[in-house]
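# Breakdown of the fold
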Amino acid sequence: MLKRWLDVRILLAVVLAGLSIVALAQAPQGAPPAAEVKPAPPVVEVVRPAPPAIAAPAVEVIENPYGIEALWKQGDFVARGTLIILVIMSIGSWYIGVVKLIEQARVLKDAREANSKFWSAGAVKDGVLALREDSAFRFIAEEGQIAVKDHSALARQQLDLNSWVGMSLERAIDVISNRLQTGLAFLATVGSTAPFVGLFGTVWGIYHALTAIGIAGQASIDKVAGPVGEALIMTALGLAVAVPAVLGYNWLVRRNKVAMEQVRRFGGGVHMTLLGGGHTPHKAS
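Bear in mind that the values here come from a model prediction, so they are computed numbers and not experimental data.

## Here we look at the confidence of the model for the protein
In the predicted model, the protein carries a mean pLDDT of 76, and the fraction of residues at 70 or more is 65%. When pLDDT is averaged over each element of the protein, helix H3 (residues 77-118) comes out on top at 90 and helix H1 (residues 2-26) at the bottom at 53. Under a pLDDT of 50 for its full length, residues 30-35 has, in the predicted model, zero contacts with residues more than four places off or in other chains.

Below, the structure written as structure tokens:
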């Protein structure tokens, strides 16, 4: 019995030793395995959306469908041509009015200069040199001097000196008068024709209104308002061009008369001075 017990113990010892050897053989060689390090979770940056900007209130632009801009865009070549003619008339009349006003002011200034310088000189020649080169009054005095020289150089003096010098001075005065009146005919033409040009545009706009009514088959306000508004604008533009032209024409004609009175009075003084054979202190005022 004892022998069998010992044999069993020996057998168990052998089995345990074999199992230990197998376990050591299956274990990995080298350093013991390190503990597994788990990566840190990524940091997620939370971006908060910016508060929406407060938009400025939108300004509602209301286009006028019956104004001058609409007239140009919607009008045909006849309406545009009429509008261009009125604009040209207006620009031309204002330009001529300003230019003639400057010319008349210069003539009146030259008249004051002639009264103060020419008649205070010792001789006609000295009085001519005292005046401005482009002065109308210097032109008259020079023409009178030239007339005296030409008359003395004539072989047969069929005209007396009085008539000869008078004719020369009248021609010089007519030249100045024609120069002052240049452009006034345009103002008169604009003042008399601009209302009729605007009336033509009015008639053309009414024709468009009737055509729109015929096509639509009914006289609705949206079909009539545009052409009728175009017609009224043409009428207003015609009057706006004509009235300043008429007023400017009348005013400039009146100023021309005042300036020409100064010119003729100066010419008469030069005439008498040249016939007298010397310079006299005649005042042209």
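Right, picking up where we left off after that structure.
## Focus: the packing of helix H5 (residues 136-153) against helix H6 (residues 161-181)
One way to put it is that H5 packs onto H6 with a least axis distance of 9 Å and a crossing angle of 150°. Comparing their axes, H6 and H5 come out roughly antiparallel. In the crossing of H5 with H6, the sense of the turn from one axis to the other is right-handed. The segment H5 lies against H6, with Ala136, Phe139, Ile140, Glu143, Gly144, Ala147, Val148, Asp150 and His151 engaging Leu161, Trp164, Val165, Ser168, Leu169, Ala172, Ile173, Val175 and Ile176.

## A short note on the packing of H3 against H5
Where H3 contacts H5, the axes come no closer than 8 Å and their chain directions differ by 55°. Put simply, H3 runs oblique to H5. Side by side, H3 and H5 meet where Val107, Asp110, Ala111, Ala114 and Phe118 of the first sit next to Ala136, Phe137 and Ala141 of the second. Split by residue class, the contact of H3 with H5 holds seven nonpolar, no polar and one charged.

## Structural notes on the pattern of salt bridges
The full count for this structure, using the stated rule, is five salt bridges. In this structure, Arg132 engages Asp110 in a salt bridge whose closest nitrogen and oxygen atoms are separated by 2.7 Å. Pair noted here: Arg132 is in the loop between helix H4 (124-130) and H5 and Asp110 is in helix H3, with a separation of 22 residues, a long-range link. One salt bridge connects Arg138 with Glu142, and the closest N-O pair in it is separated by 3.0 Å.

## A few points about the side chain of Thr273
In this fold, Thr273 is placed in helix H8 (residues 221-275). Separated by 2.8 Å, the side chain of Thr273 and the backbone oxygen of Gly269 make a polar contact.

## With respect to the nonpolar core
Counting residues in hydrophobic clusters, the biggest one holds 25 residues, and the most contacted among them are Phe118, Phe137, Ile140, Ile176, Val263 and Phe266. Within the residue set of this core, elements represented by two or more residues are H3, H4, H5, H6 and H8. With sequence-adjacent residues up to four places away left out, Ile140 is seen in contact with Leu169, Ala172, Ile173, Ile176, Val263, Phe266 and Gly267. Counting 11 residues, the second-largest nonpolar core is a separate cluster that includes Leu83, Met89, Val241 and Ala242.

## What to know about the environment of Val124
Summarising the element assignment, Val124 is placed in helix H4. Once the C-alpha coordinates of Val124 and Leu274 are considered, the two residues, 150 residues apart in sequence, prove to be 8.1 Å apart.

## Here's the deal with the environment of Lys149
By secondary structure assignment, the location of Lys149 is in helix H5. Along the primary structure Lys149 and Val165 are separated by 16 residues, whereas in three dimensions their C-alpha atoms are 10.0 Å apart.

## Quick word on the environment of Trp119
Within the secondary structure, Trp119 is located in the loop between H3 and H4. A relative accessible area of 4% means that Trp119 is categorised as buried. Distance in space between the C-alpha atoms of Trp119 and Gly269 is 9.3 Å, their sequence separation being 150 residues.

Criteria and thresholds
Residues numbered from 1 in each chain as written. Predicted model: local features only at pLDDT ≥ 70, side-chain atom pairs only at ≥ 80, totals over all residues. Heavy atoms only, no water. pLDDT = per-residue confidence, 0-100. Helix = DSSP H or I, 4+ residues; strand = E, 2+ residues; numbered from the N terminus. Contact = heavy atoms within 4.5 Å. Axes fitted to C-alpha atoms, helices over the stretch in contact; angles between N-to-C directions. Parallel < 35°, antiparallel > 145°, perpendicular 65-115°, else oblique. Left-handed = near helix turned anticlockwise from the far one by under 90°. Nonpolar A, V, L, I, M, F, W, Y, C, P; charged D, E, K, R; others polar. Salt bridge = Lys/Arg side-chain N within 4 Å of Asp/Glu carboxyl O. Polar contact = N/O pair within 3.5 Å; in protein donor to acceptor, adjacent residues only side chain to side chain. Core = buried A, V, L, I, M, F, W, Y, C linked by side-chain atoms within 4.5 Å. Buried < 20%, exposed > 50% of the residue type's maximum accessible area, 1.4 Å probe, protein only.

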